[in-house]
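# Topology and contacts: notes
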Number of protein chains: 2
Amino acid sequence: MATLIENTINMIKPLDAKAMDKARARQNLLTKPEGSLGRLEDLSIQIAGIQRKTIPVIHHKAVITMAGDHGVVAEGVGNWPQEVTAQMVENFLIGGAGVNVMAKQAGARNIIIDIGVATEMKPNPKLISRKVAPGTGNIAAGPAMTPEQAMKAVETGIEIVNDEIARGLDIVGTGDMGIGNTTASSAVCVAITGRKPSEVTGRGTGISDEQLKHKIAIVEKALAINRPDPSQPLDVLAKVGGLEIGGLAGVMLGSAAQGIPVVIDGFISGAAALIAISLAPQLKDYVIASHVSAEAGHRAMLEYMGLSPLLDLGLRLGEGTGAALGIFLCDTAVKVLSGMSTFAEAGVSESNEE
Amino acid sequence: MATLIENTINMIKPLDAKAMDKARARQNLLTKPEGSLGRLEDLSIQIAGIQRKTIPVIHHKAVITMAGDHGVVAEGVGNWPQEVTAQMVENFLIGGAGVNVMAKQAGARNIIIDIGVATEMKPNPKLISRKVAPGTGNIAAGPAMTPEQAMKAVETGIEIVNDEIARGLDIVGTGDMGIGNTTASSAVCVAITGRKPSEVTGRGTGISDEQLKHKIAIVEKALAINRPDPSQPLDVLAKVGGLEIGGLAGVMLGSAAQGIPVVIDGFISGAAALIAISLAPQLKDYVIASHVSAEAGHRAMLEYMGLSPLLDLGLRLGEGTGAALGIFLCDTAVKVLSGMSTFAEAGVSESNEE
């Protein structure tokens, strides 16, 4: 394991229990019945613990979307041609994609990374070019990438988030783009959670029953050929993962190391979280699951990690769209904690319960 | 039935099917797999039908919070003194309450109405004073209000929303404040849905097991003494309802009559929706359930009306806090429909599925 990854993992501390206690105490002074804002109260307390502040602050928000291609598309696992990955990156850059609209709604900036797009991308000041490789190998025939590339992908994610922290960052969302990446994510899920391919392989962007059978067979083949070692998360990433999956795992580790909450999106971010949390179990407390995706297998991932999703809206777009909604909820939770009056401030009588 | 209420009900048309078809067609041209934004896509199509526009517009947003007191507090159904209703209204006016913070987050203005607070309120330019009565009668001993007051409460809600429409309104959320109003809402729920008091009476702001037993007995008593006629929603309102419940029912009717989507909050808004939808079944398509409350009985209300909540975050504060989150989701859904690029605009290849 490279020094940057090790060092980053070592920097991830347990949440600040004192800050959480104080945030919880403040929630109970605010002009509302105790606990009446449910998950929003819990979120504000968790973020207090992550940011190590009694009253956390969310000014700077970003959704980091990592794009990479997947050699497994050669097996016909989906209906979309590989060039769509690059085309969608161009769409992100002109602001026409779902994540652009939804990040803007949440007041978050979009950070777009080419970490492994097969196509050579035109230079664009809005695109961060950190291509580790022009796509992965076909996991149904061999490993996705070399062990060195797997490390490099995770390191890239750490470096990217460190750069964003230097620009100002209080909360980060993760997102993905990569034709074929639900197949890789299913394979990662099988390798780490031990579930059957048929349980955690879904329809991705929308495939028929017959295509789904084929996709499950490809996931089975990928695992049989590559035999990833579940005790070695970077081996799983190298054998059956993806470059954007590795990059997002790095974003998660890097954010947690700096005390920044990470709001994860759906199935592909879930695969990245499986790898990152397997590398650093203490990371789990820094991760907020924005939603449970309509993609089969996502719920299994969240259950394995012990994460409870905020939303269940049948989303399955990826890109960071669900994460953007999650960031809005976190921001709202924090604004409630910082912005509401206490009973004393507002001159409101308290419950005579005690 | 008064003319204003009748006229308003008669103005509520079926949703515009053509606008919905066109909105659905546009959703399928946007740069994402069909249906991949789940409930957000459905919401945008519903709002297109409500606003009768292919691409709906949400600029002006408001959360209308109606405050009223309840004579049933004399029975000791909760832990909070009655004066808290007026104190919380003051808190709304200084911007210190949950709904203030959360409406601001959603970009919605707060409209605060005294429709039945027992305390005489100090004049305040931010407070709309439309007191129908200084609180209701004790429903465990007699009717909540006269038939005339029930009509007046609903008419007041219609007038309030018409005034707001004149100021500019594209979507509205409903909220409530009223110590004792979960008891009245449970009674309304029993009267209309036919559920047992024990099934739909909850802990409100937080009461013990013993207090809950007492509260259920009070709901049973209210129904036994008043015998509201479930086929006459205004009779239910007059016998066991509340002034803010009537006002919110009026807001719902008035909004739908003008083609404006209504995002309802939790249990008390649910009671208002039961009355309003019983008066005008075609209203249902205009109502968006923001969340399912932690208050027992709310899920039963939503099921009875055939409404599926957007959120399940354990909220039980009321005021319109959940509605504010719902408005944000509606706004996001509409911005996706209007703001995303189509495949043709973005130069992205489409799925080769067909």
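None of the values given here were measured: they were computed from a predicted structure. (Residues numbered from 1 in each chain as written. Chains lettered and ligands numbered in written order. Predicted model: local features only at pLDDT ≥ 70, side-chain atom pairs only at ≥ 80, totals over all residues. Heavy atoms only, no water.)

Glancing now at the relation of the copies chain B and chain A. When chain B is fitted to chain A, the best match, at an RMSD of 0.0 Å, comes from turning it 180° and sliding it 0.0 Å along the axis. On this basis, the relationship between the two copies can be described by a two-fold rotation axis. Closest to the rotation axis within chain B is the C-alpha of Leu311 of chain B, separated from it by 3.3 Å. Comparing contact sets, 100% of the residues at the interface of chain B also lie at the interface in chain A, consistent with an isologous, same-surface contact. (Least-squares fit on C-alpha atoms with pLDDT ≥ 70 in both. Contact = heavy atoms within 4.5 Å.)

Residues and elements named next belong to chain B. We note that Arg52 has phi near 60°; this positive angle belongs to a residue other than glycine. Inspection of the secondary structure puts Arg52 in the loop between helix 3 (38-51) and strand 1 (61-68). Classification of Arg52 as partly exposed rests on a relative accessible area of 34%. The phi angle at Arg227 is positive, at roughly 40°, despite the residue not being glycine. Of note, Arg227 is situated in the loop between helix 9 (209-226) and helix 10 (233-240). Arg227 gets classed as exposed once you look at its relative accessible area, which sits at 64%. (Helix = DSSP H or I, 4+ residues; strand = E, 2+ residues; numbered from the N terminus. Buried < 20%, exposed > 50% of the residue type's maximum accessible area, 1.4 Å probe, protein only.)

Before going further, it helps to spend a moment on the packing of aromatic side chains. Scanning the model with the defined rule gives three aromatic pairs over all chains in all. With a centroid separation of 3.4 Å and 0° between ring planes, the pair formed by Phe328 of chain A and Phe328 of chain B is classed as stacked. Remark: Phe328 of chain B occurs in helix 14 (residues 321-339) and Phe328 of chain A occurs in helix 14 (residues 321-339); the pair is interchain, linking two chains. (Phe/Tyr/Trp six-rings, centres within 6.5 Å; stacked < 30°, edge-to-face > 60°.)

Turning our eyes to something else, we now look at the pattern of salt bridges. All names here are of chain B. In total, this model carries 27 salt bridges over all chains according to the counting rule given. When the shortest N-O distance is used, the salt bridge between Glu164 and Arg167 registers 2.9 Å. With Glu164 and Arg167 both in helix 6 (residues 147-167) and three residues apart, the pair spans about one turn of that helix. Since its relative accessible area comes to 2%, Glu164 is described here as buried. Residue class for Arg167 comes out exposed when judged on its relative accessible area of 57%. For Lys335, the salt bridge is made with Asp331, and the minimal N-O distance between the two is 2.6 Å. Of this pair, Lys335 and Asp331 are both found in helix 14, four residues apart, which corresponds to roughly one turn of the helix. (Salt bridge = Lys/Arg side-chain N within 4 Å of Asp/Glu carboxyl O.)

Moving on, we come to the packing of helix 7 (residues 181-193) of chain B against helix 12 (residues 267-279) of chain B. All names here are of chain B. For the pair helix 7 and helix 12, the least separation of the axes is 9 Å and the interaxial angle reads 35°. Crossing of helix 7 against helix 12: the hand is left-handed. Contact residues: Asn181, Thr182, Ser185, Ser186, Val188, Cys189, Ile192 and Thr193 in helix 7; Phe267, Ile268, Ala271, Leu274, Ile275 and Ser278 in helix 12. For the contact of helix 7 with helix 12, a count of residues per class yields eight nonpolar, six polar and no charged. (Axes fitted to C-alpha atoms, helices over the stretch in contact; angles between N-to-C directions. Left-handed = near helix turned anticlockwise from the far one by under 90°. Nonpolar A, V, L, I, M, F, W, Y, C, P; charged D, E, K, R; others polar.)

What tends to happen in soluble globular proteins is that the nonpolar side chains get buried as a cluster. Membership of the largest hydrophobic core comes to 264 residues, with the highest contact counts inside it found for Leu283 of chain A together with Leu283 of chain B. The contact partners of Leu283 of chain A, leaving out residues within four places of it in the chain, are Ile12, Met252, Leu253, Ala256, Ala276 and Ile277 of chain A. (Core = buried A, V, L, I, M, F, W, Y, C linked by side-chain atoms within 4.5 Å.)

Bringing helix 9 (residues 209-226) of chain A into the picture now. Residue and element names in this part refer to chain A. End to end, helix 9 covers 26 Å across 18 residues, agreeing with the expected 26 Å (1.5 Å per residue, within 8%). Among the residues of helix 9, those classed as buried are Leu212, Lys215, Ile216, Ile218, Val219, Ala222, Leu223 and Asn226. The buried residues of helix 9 all sit within an arc of 155° when viewed along its axis, so they share a single face. Along helix 9, exposed side chains directed more than 90 degrees from the buried face belong to Glu210 and Lys213. (Expected span 1.5 Å × (residues − 1). Arc of directions from axis to C-beta.)

To continue, consider the environment of Gly318 of chain A. Residue and element names in this part refer to chain A. Inspection of the secondary structure puts Gly318 in the loop between helix 13 (298-305) and helix 14. Using a relative accessible area of 15% as the deciding quantity, one classes Gly318 as buried. Separated by 25 residues in sequence, Gly318 and Ser293 have C-alpha atoms that sit 8.8 Å apart. Among residues more than four places away in sequence, those in contact with Gly318 are Asp176 and Asp265.

Next up on the list: the interface of chain B and chain A. At the junction of the two partners, chain B supplies 54 residues and chain A supplies 54 residues. Here chain B and chain A share an interface that buries about 4,600 Å² over both sides, 65% of which is from carbon and sulfur atoms. Put simply, chain B and chain A have zero salt bridges between them. Looking at the side of chain B that touches chain A, the elements that each hand over two or more residues are helix 3, helix 4 (83-94), helix 5 (98-105), helix 14 and helix 15 (343-346) of chain B. (Buried area = accessible area lost by both parts, 1.4 Å probe.)

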